[in-house]
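So you can see what is in the structure, the chains are spelled out below.
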Amino acid sequence: MEREEIFLRVRGRAPLVHCITNTVTINDCANIVLAAGGSPTMANNPQEVEEITGRCDALVLNLGQIDGERVKAMLLAGRRANELGHPVVLDPVGAGASRLRSETAARLLGELRFSLIRGNASEILSLLGKSEATRGVDAAEGDLVCEENLRERARAAQALAEKTGAVVAVSGAIDLVAGAEKTAAVRNGHPMMARITGSGCMLGCLAGAFLGACPQEPFEASLAAVAAMGVCGEIAAEKTLQSGAGTGTFRMHLLDAASTLGTAEYNRRTRVEYIL
Amino acid sequence: MEREEIFLRVRGRAPLVHCITNTVTINDCANIVLAAGGSPTMANNPQEVEEITGRCDALVLNLGQIDGERVKAMLLAGRRANELGHPVVLDPVGAGASRLRSETAARLLGELRFSLIRGNASEILSLLGKSEATRGVDAAEGDLVCEENLRERARAAQALAEKTGAVVAVSGAIDLVAGAEKTAAVRNGHPMMARITGSGCMLGCLAGAFLGACPQEPFEASLAAVAAMGVCGEIAAEKTLQSGAGTGTFRMHLLDAASTLGTAEYNRRTRVEYIL
Amino acid sequence: MEREEIFLRVRGRAPLVHCITNTVTINDCANIVLAAGGSPTMANNPQEVEEITGRCDALVLNLGQIDGERVKAMLLAGRRANELGHPVVLDPVGAGASRLRSETAARLLGELRFSLIRGNASEILSLLGKSEATRGVDAAEGDLVCEENLRERARAAQALAEKTGAVVAVSGAIDLVAGAEKTAAVRNGHPMMARITGSGCMLGCLAGAFLGACPQEPFEASLAAVAAMGVCGEIAAEKTLQSGAGTGTFRMHLLDAASTLGTAEYNRRTRVEYIL
């Protein structure tokens with residue numbers, strides 16, 4: 001399916017996206033799903049997540065602020081979504097930053113099938129046992145994707161894709177979207193995205209909406225979501241910098257862009273290159 | 001009391017509103033209470049909620065993201081507020097969307113007395129055992145209030161009001177505010193309100209502030225709050241659309257409107273019709 | 001160190017700030033740390049907080065919405081930070097408003113060493129056993145710092161500083177920053193800061209970033225943070241009032257100011273007076 005068609009399907013089908021996610025960015029996550037045309041449900045009680053996810057079109061599991069109950073909810077919802085063939089997104093926030101996060105990510109990867117794994121470079125490398133020491137929730141500098149290590153990092157992402165059967169999206173100055181058979185680099189986005197909390201979490205949930213609208217084409221849907229997020233970041237940064245404003249304004253413009261972006265601008269701005 | 005007088009009392013009395021609510025929209029809820037002139041306290045630990053609610057003027061119980069501890073806190077705080085004669089608002093988020101939510105709503109309705117029950121059409125119908133299958137946290141299309149089913153839906157809301165002794169507010173394109181003896185339709189608001197998360201939760205907490213300022217007149221206070229929220233939504237949507245902006249900007253303007261709305265504009269815009 | 005130099009160090013060193021805080025304002029807290037140039041990690045699981053805090057530069061403990069697990073996490077993280085000599089900030093939200101909050105504040109003060117205690121006048125007086133009954137999370141009117149009681153309140157803050165070894169910052173129309181040996185009044189800020197939720201919590205986390213960048217000079221770093229927050233509040237209020245906007249816009253401008261403030265404006269606006 002064409003990227004533009006996927007983008008329009010999110011608005012046309014209004015997929016219901018079940019997100020089990022952290023409290024830091026949960027509001028922005030719900031708002032970006034709504035902005036893109038989906039409908040978010042942020043339920044995390046083990047007693048109801050199977051029922052909730054059964055009525056949804058996609059499930060997003062985000063490892064920020066996990067505890068025993070949250071992990072239990074993720075496993076229950078994940079198994080149900082797997083049974084129903086619903087797309088499941090893993091956002092391994094902080095994998096590598098603590099043993100708890102790394103072990104939880106490994107456990108979820110062992111027990112569930114994912115359509116998409118989305119993280120920053122350190123988180124993705126950590127899932128392969130290769131990261132430099134992750135410092136907090138941001139990627140370590142030595143882990144970042146740049147023009148020099150682009151193919152090497154693409155191969156690492158592709159290795160994770162082969163191992164898990166999931167599409168793997170690596171967020172950074174250059175984004176990578178890797179499937180077992182092909183990998184694309186996306187040169188959209190803006191450094192301001194790293195100056196607010198939640199850009200990564202929002203992309204994970206946005207991708208949930210795209211996958212919920214196009215469950216048969218996880219690679220194309222993931223790529224379309226990564227490109228859309230980058231394009232929204234660019235538009236928001238341009239507006240913010242034109243008015244000399246700061247990160248508060250940027251965050252508002254980012255949600256604005258997600259809710260008003262048209263296909264013409266989406267197509268015109270998207271910079272995707274297949275590299276593997 | 002005149003609607004305008006109630007509106008001014010919120011600013012004059014600065015009611016303390018105790019909210020036990022979900023993490024998705026908790027920040028917006030606190031901010032709209034502050035914007036309207038109240039003071040929010042978002043305490044949810046069973047060990048302190050009785051003490052906290054005892055010092056407040058109103059209590060709001062919102063069923064988004066409930067767990068055992070949260071429900072325990074709601075029951076403790078609710079009983080204390082009932083003993084003290086403080087207004088208590090129930091926002092049955094997701095009633096009908098999972099058994100847990102429906103059963104919890106039923107339990108709270110069985111054990112506590114509410115001044116106001118506020119929900120979308122599906123949630124309210126679900127409390128009466130009449131909803132179509134609720135899909136997530138948004139109202140099912142077949143449940144929505146429109147000109148054609150207005151009187152029928154008003155009678156349903158009134159039935160719940162009679163059964164519970166609470167005022168019942170149904171949010172949607174047309175809002176209903178039903179008491180045992182009279183029901184009003186409020187034709188304020190804007191579709192953009194459904195494109196951000198939290199419009200409903202915010203109204204529940206805003207109504208808590210209005211009821212806390214005017215505990216003797218729950219119907220009039222609830223109606224004044226529903227009208228105020230709708231008017232703020234209209235103003236925010238007009239400003240947003242004038243500038244070609246999106247849902248991020250709309251959310252900001254909504255809080256702006258709540259903090260700057262004057263009585264003249266409030267009166268001029270309010271469109272209330274008694275229908276039963 | 002000069003205040004300006006401290007301010008620049010936050011951007012230069014990008015301190016990692018570990019915050020254990022409430023869900024009401026957690027997003028704003030993370031965003032203001034990022035805006036100032038730091039990097040926030042909002043981890044609160046007892047299983048990982050020691051590891052997380054060990055990799056960070058400062059720790060902030062905020063008592064909003066505490067439960068047993070959160071307090072356990074605070075004690076574990078606090079002890080680890082104390083062992084490593086990392087700055088630890090206490091924000092005793094609601095101390096005096098419930099027995100649970102007061103007892104938890106007392107317990108943390110008994111078991112941990114703090115670099116900074118930041119609260120409103122009622123919270124700080126409550127830690128000294130001297131507050132009027134705190135009503136919710138806002139300071140009681142009789143507790144507020146004003147020109148008439150400035151020296152008396154400064155002596156109270158200094159008494160807490162002597163007793164605990166921490167710098168004590170009292171937020172209000174006039175802010176106080178008290179060390180065992182000197183106390184400054186800061187006449188920056190704007191009343192609009194009290195009309196949004198989170199101004200206090202944000203200052204606590206911002207101070208964590210300043211202390212993380214300058215751990216050797218807790219008094220100067222705390223003072224620099226208090227002044228920076230006040231200056232950002234002033235700038236945000238001026239922009240908001242110029243455009244006739246409300247509290248939603250103010251909140252956005254506050255984060256904008258934190259992310260764009262330059263040293264020239266910071267120096268020009270800062271109004272610090274040593275009073276003890």
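Reading guide: rules and limits
- Residues numbered from 1 in each chain as written.
- Chains lettered and ligands numbered in written order.
- Predicted model: local features only at pLDDT ≥ 70, side-chain atom pairs only at ≥ 80, totals over all residues.
- Heavy atoms only, no water.
- Pairing = 2+ DSSP bridges.
- Helix = DSSP H or I, 4+ residues; strand = E, 2+ residues; numbered from the N terminus.
- Axes fitted to C-alpha atoms, helices over the stretch in contact; angles between N-to-C directions.
- Least-squares fit on C-alpha atoms with pLDDT ≥ 70 in both.
- Contact = heavy atoms within 4.5 Å.
- Buried < 20%, exposed > 50% of the residue type's maximum accessible area, 1.4 Å probe, protein only.
- Polar contact = N/O pair within 3.5 Å; in protein donor to acceptor, adjacent residues only side chain to side chain.

J.: Give me the sheet that holds strand 3 (residues 58-62) of chain C: which residues, what numbers.
T.: Residues and elements named next belong to chain C. A sheet is described by the order of its strands in space; here nine strands give the open sequence 2-1-3-4-5-6-7-8-9, paired in mixed fashion. Bordering the open sheet on either side are strand 2 (39-41) and strand 9 (272-274), each of which pairs with just one other strand. Direction aside, the axes of adjacent strands within the sheet are offset by 20° on average. Strand direction decides the pairing type here: strand 1 (residues 16-20) and strand 3, joined by four bridges, are parallel. Its bridge partner lying in strand 3, Val17 is registered against Ala58.

J.: Got a sec to walk through the relation of the copies chain C and chain B? Specific residues and values, please.
T.: When chain C is fitted to chain B, the best match, at an RMSD of 0.0 Å, comes from turning it 120° and sliding it 0.0 Å along the axis. Overall, the copies show the geometry of a three-fold rotation axis. For chain C, the minimum C-alpha distance to the rotation axis belongs to Thr23(C) and amounts to 3.6 Å. Both copies present different contact surfaces, since only 10% of the interface residues of chain C are interface residues in chain B too.

J.: Which residues make up the environment of His190(B), and what values do they have?
T.: Residue and element names in this part refer to chain B. Inspection of the secondary structure assignment puts His190 in the loop between strand 8 (183-186) and helix 8 (199-213). A relative accessible area of 28% places His190 in the partly exposed class. A C-alpha to C-alpha distance of 17 Å links His190 and Gly119, two positions 71 residues apart in sequence. In this structure, His190 is in contact with Gly233, Glu234, Ala237 and Leu241, ignoring residues within four places of it in sequence. Here the side chain of His190 touches Met192 through a polar contact of 3.0 Å, landing on its backbone nitrogen.

J.: An account of unusual backbone geometry is requested, with residue identities and associated values reported.
T.: Its identity as a non-glycine residue notwithstanding, Gln65(B) has a phi of 55°, on the positive side. Mapped onto the fold, Gln65(B) is located in the loop between strand 3 (58-62) and helix 4 (68-84). Phi is positive for Ala14(C), close to 45°, though the residue is something other than glycine. With respect to the helices and strands, Ala14(C) occurs in the loop between helix 1 (3-13) and strand 1. Under the relative-accessibility criterion, Ala14(C) is labelled partly exposed at 29%.

J.: Before we move on, can you summarise the relation of the copies chain B and chain A with the specific residues and values?
T.: Mapping chain B onto chain A calls for a screw motion: a turn of 120° about the axis and a shift of 0.0 Å along it, with 0.0 Å RMSD after fitting. With a heterologous cut-off of 20% or less, the 10% of interface residues of chain B that recur at the interface of chain A puts this contact in the heterologous class.

J.: Mind laying out the sheet that holds strand 6 (residues 167-171) of chain B, listing which residues take part and the relevant values?
T.: Adjacent strands of a sheet form backbone hydrogen bonds with each other and so pair up, either parallel or antiparallel. Residues and elements named next belong to chain B. Reading across the sheet, the nine strands line up as 2-1-3-4-5-6-7-8-9 and stay open at both edges, with mixed pairing between neighbours. Every other strand in the sheet has two partners, leaving strand 2 (39-41) and strand 9 (272-274) as the edge strands with one partner each. Strand-to-strand twist of the sheet, defined as the mean angle between neighbouring strand axes without regard to direction, takes the value 20°. With five bridges connecting them, strand 5 (residues 116-120) and strand 6 associate as parallel partners. Across the sheet, the residue bridging to Arg118 is Ala169, located in strand 6.

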